[in-house]
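# Descriptive analysis of the structure
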Amino acid sequence: MSDLISFGARVREARLTAGLTQAQVAERVGVGPKSVSHWETGRCYPKPENLVTLQRVLSSVRLSYEPDNENLLQSGSGLRW
């Protein structure tokens, strides 16, 4: 599975766990609904500024930064995105 698809699947899982629709996430992040769909289907990653906001919207995940691996999302249990 590619990194984009894996990331997208985890975004979708976190969104569903939070009980939000793609439209609700899009509105809260400040992007169009197609952007959220593209993230979830692995067509693209969110821009860094949107990734930070996405992390805030999906409170079940937190953002971590590693110099050799730009932005990674990490669950409270340490599962890396």
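Criteria and cut-off values
- Residues numbered from 1 in each chain as written.
- Predicted model: local features only at pLDDT ≥ 70, side-chain atom pairs only at ≥ 80, totals over all residues.
- Heavy atoms only, no water.
- Core = buried A, V, L, I, M, F, W, Y, C linked by side-chain atoms within 4.5 Å.
- Buried < 20%, exposed > 50% of the residue type's maximum accessible area, 1.4 Å probe, protein only.
- Helix = DSSP H or I, 4+ residues; strand = E, 2+ residues; numbered from the N terminus.
- Contact = heavy atoms within 4.5 Å.
- Salt bridge = Lys/Arg side-chain N within 4 Å of Asp/Glu carboxyl O.

### A look at the nonpolar core
Val25, Val29, Leu54 and Leu58 are the most contacted members of the largest nonpolar core, which totals 14 residues. Taken together, the elements giving at least two residues each to this core come down to α1 (3-17), α2 (22-29), α3 (33-41) and α4 (48-57). Once residues within four sequence positions are removed from consideration, valine 29 is found in contact with Trp39, Asn50, Thr53, Leu54 and Val57.

### Some details on the pattern of salt bridges
For the structure on display, the rule yields 1 salt bridge. Among the ionic pairs, arginine 15 bridges to glutamate 40, the shortest N-O distance being 2.5 Å. Highlighted residues: arginine 15 in helix α1 and glutamate 40 in helix α3, separated in sequence by 25 residues. On the basis of relative accessibility, which here comes to 10%, the residue glutamate 40 falls in the buried class.

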